[in-house]
Amino acid sequence: MTASSIPVPPKGVWVPSPTFFTTSSPSPYSPTQPAVDYASQTAHTLFLARSGITGVVLLGSTGEAMHLSRSERSHLIKSVRQGLDEAGFRKFPIMAGVLTNGGVEETVQWLDDYKEAGAEFGLVLVPGYFGAGRGVWGEGHSGQEGVVNWFKEVLWGMKSKEMGIVVYNYPGVSNGVVLEPEGYRALAEDPRVVGCKMSHGNISHHLQVSLDPEINHERFRVFSGFGQQLGPIVLFGAAGVIDGMSAYYPKTVVRLYELAQKDDLRPSERAELNKLQYVVSKAEEFVVKYGLRGIKEATYRVAGFGDLEAARVPVVARMGEKEWEEGRKRYLMDIEEIEKTL
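A few points on the structure. This one's a predicted model, so the numbers in the text were calculated from it and none came from an experiment.

A closer look at the pattern of salt bridges
If you walk through the whole model with that rule in mind, you get 22 salt bridges. Between arginine 81 and glutamate 120 there is a salt bridge; the shortest N-O distance is 3.3 Å. Here the residue arginine 81 occupies a position in helix α2 (residues 70-86), and glutamate 120 occupies one in the loop between α3 (104-117) and β6 (121-125), the gap between them amounting to 39 residues. Here arginine 81 falls in the buried class, since its relative accessible area comes to 9%. A salt bridge links arginine 221 to glutamate 218; the shortest N-O distance between them is 3.9 Å. By relative accessible area, glutamate 218 is classed as exposed at 55%.

Digging into the pairing of strand β5 (residues 94-98)
Extensive coverage of β5 is indicated by the burial of five of its five residues. The pairing of strand β4 (residues 55-58) with β5 spans three bridges and is classified as parallel. Each residue of the ladder has a partner; that of leucine 58, found in β5, is alanine 96. Note on the crossover from β4 through α2 to β5: the handedness is right-handed. In this view, the connection linking β5 to its parallel neighbour β6 by way of α3 has right-handed handedness.

Re the nonpolar core
General note: in soluble globular proteins, nonpolar side chains tend to be found buried as a group. Ranked by internal contacts, the top residues of the largest apolar core, which has 101 residues, are Tyr114, Val167, Phe220, Leu230, Met245, Tyr248 and Phe286. Residue contributions to this core peak at eleven residues, all from helix α9 (residues 267-303).

Considerations on the side chain of glutamine 229
Take glutamine 229: it is sitting in the loop between β9 (221-224) and α7 (230-235). With a relative accessible area of 6%, glutamine 229 lands in the buried category. Here histidine 206 takes part through its side chain, which lies 3.4 Å from a polar atom of the side chain of glutamine 229. In terms of polar contacts, glutamine 229 uses its side chain to reach the side chain of serine 224, at 2.5 Å. Those residues in contact with glutamine 229 that lie beyond four places of it in its chain are His200, Gly201, Ile203, His206 and Ser224.

Observations concerning the pairing of strand β3 (residues 30-36)
Across the seven residues of β3, five count as buried, placing the element largely inside the fold. In terms of strand pairing, strand β2 (residues 21-27) meets β3 through four bridges, oriented antiparallel. Along β3, the bridge assignment pairs phenylalanine 21 with valine 36. Counting the residues between successive antiparallel strands, the hairpin from β2 to β3 contains two residues.

About the thresholds
Residues numbered from 1 in each chain as written. Predicted model: local features only at pLDDT ≥ 70, side-chain atom pairs only at ≥ 80, totals over all residues. Heavy atoms only, no water. Salt bridge = Lys/Arg side-chain N within 4 Å of Asp/Glu carboxyl O. Helix = DSSP H or I, 4+ residues; strand = E, 2+ residues; numbered from the N terminus. Buried < 20%, exposed > 50% of the residue type's maximum accessible area, 1.4 Å probe, protein only. Pairing = 2+ DSSP bridges. Right-handed = clockwise from strand over helix to strand, strands pointing away. Core = buried A, V, L, I, M, F, W, Y, C linked by side-chain atoms within 4.5 Å. Polar contact = N/O pair within 3.5 Å; in protein donor to acceptor, adjacent residues only side chain to side chain. Contact = heavy atoms within 4.5 Å.

Worth remembering: the numbers are spatial, not functional.
And the structure:
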């Protein structure tokens, strides 16, 4: 294994795609739960590729990986990879989410399945079952050293030695566990750990890891999970965002990234950058308020993909008309107008 044989996620805007379900047929294991809509998943990914998006994240938190069976997860990736290849997007990368939250053997299984199915990268959630603070299990039970060693065990167990691993730190679903900058530095020493996604509001951590002189930033890329952080973090070396709102307003976020990563901006471009960051940040409040339900609603209403009646428990299927219109008018009207011009 050499570092050059391991892919590195390209810089830019990635989309953590929602998983599409359909009420037209039941899932293989329950007559009351909808089946995965593989055709819509592929069609939406092609829409993103044609809109300038850098890559897609399937089966992440937005993609409800925990609600799919092992065979469904593999088939989803295979279907999307095949659809991309047939449409001429052979180099469009797939990152796949691993949300096991602590089981080394299960994590390795997911990654091996994903690699075989056609994903180039695994987005691996930081384990957090035992949390970060004091509780019934004592203090410091999921400390920094424990998290780093857990990832090393996963890397050791994987069959594929040429799959890139992206560390996924989302304290909101991981019992508050926050990986410190020193932890990223330690993990970045392994050439298979090719980046991180930080889904939290600590911009200082984004900047420290992006600027750390002991990290090879050509081999380790820093992404935020929030589009409202795009401009500030890209200015200081971050690779971009893995942003849920880009599922339905991709062109605006891509344009924002293009301007943010330019070294020399003309005054007109600076003004455009400021305007775009404002409307993106404002529109991201829709996601903050309505979460996964809002993302799926907007992906259907704005981009035309999905089945609003199809959802797997415990997710609620849809927003009401009044709720949607209130959210749209408050957060999305500015970005709607810009998206139409791009």
